[in-house]
Amino acid sequence: MRIAIVEDNEANRLTLEHHIETFFNQHHIKCTIDCYHDGLGIVDNYQSNYDIIYFDVEMEIMDGMTAAKKIRQVDEAVMIVFVTNYVQFAIEGYAVNAVDFLLKPLTYFNFSEHFKKVLKKQANQEQKHLTIKASSGFQKINLSDLIFVESDGHYLKLHTSEQTHTILESMKNMEQKLLKDDFFRCNNCYLVNLKHVSGIEKNIAKVGRYDLQISRPRKKEFLEALTNYIGDDLS
């Protein structure tokens, strides 16, 4: 597990780092920890390679909330935790889908209870990710948030719940990557996340907020794949 700590106060940073190392040693979990003194340090050249980022909220060069918002624009999967003196920042944290808020001074007991919840959340979700190379750099997308993939010439449009990513890739290669994760083509142009299919009306698949055409040659196999997915989901 890769963890980043973004904290400009050395004493607070060392305390959090010690709590992480103690917890991980006790639970036999391997991890690497990178430390940054301000938000700009982690935002600059961010590579979407962390599992969890701990942000201090108040920092001089770039505060934690601003840095978290910038990172969330390119990484929908990383878990974000704020460590702060002020509980009112929790409300603003919903904008970046923060998984938790820790109040300073941080005790080991509070940290250990927090990280038990993190591990439970991780085990329950078992989220898989797709890392893509876009114009802004490498980005990580939760497969559960990917609604469908649309073919557009030599490019693909990846429609998520938050935004649309455009990448240079073939539909054939993307289909091979996602087939085992319950994605299936309803026609030559659309590769659909079966999780987001809410209904079928004649030759139209209701996928999230989209109405996608089901082609005649692919309709039988698409409906079979959807039926199998629903059956597995209910079992």
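In what follows, the structure referred to is the one given above.
Okay, so let's go over this structure.

Conventions adopted
Residues numbered from 1 in each chain as written. Predicted model: local features only at pLDDT ≥ 70, side-chain atom pairs only at ≥ 80, totals over all residues. Heavy atoms only, no water. Helix = DSSP H or I, 4+ residues; strand = E, 2+ residues; numbered from the N terminus. Buried < 20%, exposed > 50% of the residue type's maximum accessible area, 1.4 Å probe, protein only. Contact = heavy atoms within 4.5 Å. Areas by Shrake-Rupley, 256 points an atom, 1.4 Å probe, with all protein chains shown as cover. Polar contact = N/O pair within 3.5 Å; in protein donor to acceptor, adjacent residues only side chain to side chain. Phe/Tyr/Trp six-rings, centres within 6.5 Å; stacked < 30°, edge-to-face > 60°. Pairing = 2+ DSSP bridges. Axes fitted to C-alpha atoms, helices over the stretch in contact; angles between N-to-C directions.

A few points about the overall build of the protein chain
Step number 1: Regarding its fold elements, the protein chain presents seven helices and 15 strands.
Step number 2: Seen along its three principal axes, the alpha-carbon backbone of the protein chain occupies a region of about 65 × 40 × 30 Å.
Step number 3: The buried share of the protein chain, taken over its 235 residues, is 43%.
Step number 4: Long-range contacts, defined here as pairs at least 24 residues apart, represent 53% of the contacts in the protein chain between residues at least 6 apart.
Step number 5: Total accessible area on the protein chain is roughly 13200 Å²; 49% of this is exposed by carbon and sulfur atoms.

Section: the side chain of Asn 187
Step number 1: Residue placement: Asn 187 occurs in strand β11 (residues 183-187).
Step number 2: Looking at Asn 187, the relative accessible area reads 9%, which means it is buried.
Step number 3: Among the polar contacts listed, one links the side chain of Asn 187 to the backbone nitrogen of Cys 189, at a separation of 2.7 Å.
Step number 4: Not counting residues up to four positions away in its chain, the partners in contact with Asn 187 are Gln 213, Ser 215 and Arg 218.

Here we look at the packing of aromatic side chains
Step number 1: Going through the model one piece at a time under the given rule, you end up with 13 aromatic pairs.
Step number 2: With a centroid separation of 5.0 Å and 65 degrees between ring planes, the pair formed by Phe 24 and Phe 115 is classed as edge-to-face. You can see Phe 24 sitting in helix α1 (residues 10-26) and its partner Phe 115 sitting in helix α5 (residues 108-125), a full 91 residues away along the chain. Considered together, Phe 24 and Phe 115 belong to a single accessibility category, that of buried residues.

Quick look at the sheet that holds strand β15 (residues 210-213)
Step number 1: Strands sit in the order β13-β14-β15 across an open sheet of three strands; the sheet is antiparallel. Edge strands, defined here as strands with exactly one partner in the open sheet, are β13 (197-201) and β15. Taken pair by pair, the neighbouring strands of this sheet meet at an average axis angle of 25 degrees, ignoring direction.

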